[in-house]
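Chains, contacts and geometry: an overview
Okay, here's what each chain looks like letter by letter:
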Amino acid sequence: MLLNAHRIELEGQYKDWILLAIEDITERRAIQQRKDDFLSIASHELKTPLTTIVGYMQMMERLMPENATDKFKNVVEKTGRYVQRLNQLLSELLDVSRIQTGNIELHREPFDFDRMVVETIEGMRGASPDRTIELSGKTEIFYNGDESHLIQVLNNLLSNAIKYSPAKSTVGVQISKISDFLRVSVSDQGMGIATDDQAKVFDRFYRVGEVQRDYPGMGIGLYICQQIISNHGGTIWVESEKGRGSVFNFTLPINN
Ligand code: ADP
């Protein structure tokens, strides 16, 4: 049997007493375990055929005949884009299931931190030409970390900043070295996040109510970011005001 205890605060003459409410969570844990197992099996099973489809899509783009009609080219290009998106969503689901089983591994190697930030922003500018992404600051650090996972974090924060703010607004990225830490801040001029939701957005599958209908997403990007940053020994948090934009910040310890 699995038990969970909550302390109930008492007042007056009983304030030094300890009253515990003990709850049997065996069933709840078993249901959660079944959900985690399902997620893990489903995402693994879907990944293999999808990887093959991605390969064939790329081949189709390469083999496109010169004289193909614009309409046909357009269909192939759009299909390719959606297949890539599907592949990315599935990779995120796989990441979640890896985190659940404690299998997210870091492969640390020193890399030029500023170059990584510049290149990631370049990629995002290409994908979102209607946004201005401004970079300020530098760290001049060869950081000993998992570059591809940190690119994933920055990509996630940038794509959220773009997704949850109006077209033509500016997204800012600020990087700096503060004593023994690197600090990255991604700011936007978008919808912002109410105080009550600010800690919850890092929870698995949590999405702020109002975005559910109008914006695509699964509510796992920030959860994955948090795991990656904390596995590096860093911290991630958000400062925001509803209706006035958000700033997502993370720090990474340099001496590791
Ligand atoms: P997703 O974007 O797929 O829903 P995330 O885990 O990346 O998942 O984000 C969780 C939730 O946090 C989002 O659904 C949204 O409600 C909120 N959020 C994240 N980034 C921003 C942002 N820059 N501005 C406003 N809300 C945000």
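Predicted model, so just to flag it, every value in this text is computed and none were measured.

Bringing the sheet that holds strand β6 (residues 170-178) into the picture now. One open sheet accounts for five strands, arranged β4-β6-β7-β9-β8; its pairing is mixed. The open sheet has two edge strands with one neighbour each: β4 (132-136) and β8 (235-241). Averaged over all adjacent pairs, the angle separating strand axes in this sheet is 15 degrees, with direction ignored. Looking at chain direction, strand β7 (residues 181-187) and strand β9 (residues 245-253) are connected through seven bridges and run antiparallel. The residue of β9 that forms the bridge with Arg183 is Thr251. Strands β4, β6, β7 and β9 of the sheet are contacted by helix α3 (residues 113-127), whose axis makes an angle of about 170 degrees with β4.

Within the structure, the ligand sits among 21 residues, and Asn160, Tyr164, Asp188, Arg207 and Leu222 are positioned closest to it. Backbone polar atom of Ile220 to an oxygen atom of the ligand: 3.5 Å apart, as the coordinates give it. Within the complex, 97% of the 530 Å² of free accessible area of the ligand lies under protein. Assessed atom by atom at 2 Å from the grid points, the ligand resides in the largest pocket.

To continue, consider the side chain of Asn87. Mapping Asn87 onto the fold places it in helix α2 (residues 70-100). With near-sequence residues (within four places) excluded, Asn87 lies in contact with Lys47, Leu50 and Val54.

Turning to the pattern of salt bridges, a few remarks are in order. Applying the stated criterion across every chain, the model contains twelve salt bridges. Between Asp16 and Lys15 there is a salt bridge; the shortest N-O distance is 3.9 Å. Comparing Asp16 with Lys15, the two get one shared label, exposed. Here Arg204 and Asp36 are joined by a salt bridge, their closest N and O atoms 3.1 Å apart.

Attention shifts here to the nonpolar core. Within the largest apolar cluster, 46 residues are counted, with the highest numbers of intra-cluster contacts made by Phe113, Leu157 and Leu158. Counting residues per element, this core draws most heavily on helix α4 (residues 147-163), which supplies seven residues. With sequence-adjacent residues up to four places away left out, Phe113 is seen in contact with Thr139, Ile141, Tyr143, Ile175, Leu182, Val184 and Leu252. Ranked by size, the runner-up nonpolar core spans six residues in total, among them Val54, Met57, Ala68 and Val76.

To continue, consider the packing of aromatic side chains. According to the stated counting rule, one finds six aromatic pairs in the structure shown. Relative to Trp17, the ring of Tyr14 lies with its centre 5.1 Å away and its plane at 90 degrees, an arrangement referred to as edge-to-face. Its relative accessible area of 53% is what places Trp17 among the exposed residues. Taken together, Phe111, Phe113 and Tyr143 form an aromatic cluster joined through their ring pairs.

Together, Met1, Leu3, Ile18, Leu20 and Ile22 make up an exposed nonpolar region whose accessible area comes to about 590 Å². Looking at where Leu3 falls in the secondary structure, it is placed in strand β1 (residues 3-8).

Below, the discussion takes up the confidence of the model for the protein chain. Chain-level pLDDT for the protein chain is 91 on average; 99% of the residues reach the 70-or-more range. With a pTM of 0.81, the predicted complex shows an ipTM of 0.99.

Rules of the game
- Residues numbered from 1 in each chain as written.
- Predicted model: local features only at pLDDT ≥ 70, side-chain atom pairs only at ≥ 80, totals over all residues.
- Heavy atoms only, no water.
- Pairing = 2+ DSSP bridges.
- Helix = DSSP H or I, 4+ residues; strand = E, 2+ residues; numbered from the N terminus.
- Axes fitted to C-alpha atoms, helices over the stretch in contact; angles between N-to-C directions.
- Contact = heavy atoms within 4.5 Å.
- Near = heavy atom within 4 Å.
- Polar contact = N/O pair within 3.5 Å; in protein donor to acceptor, adjacent residues only side chain to side chain.
- Areas by Shrake-Rupley, 256 points an atom, 1.4 Å probe, with all protein chains shown as cover.
- 1 Å grid on protein atoms, 1.4 Å probe; cavity = no way out; pocket = protein on both sides within 12 Å on 5 of 7 lines; lining within 4 Å.
- Sits in = over half its atoms within 2 Å of the grid points.
- Salt bridge = Lys/Arg side-chain N within 4 Å of Asp/Glu carboxyl O.
- Buried < 20%, exposed > 50% of the residue type's maximum accessible area, 1.4 Å probe, protein only.
- Core = buried A, V, L, I, M, F, W, Y, C linked by side-chain atoms within 4.5 Å.
- Phe/Tyr/Trp six-rings, centres within 6.5 Å; stacked < 30°, edge-to-face > 60°.
- Patch = residues over 30% accessible without salt bridge, like charges linked within 9 Å, V, L, I, M, F, W, Y side chains within 5 Å.
- pLDDT = per-residue confidence, 0-100.

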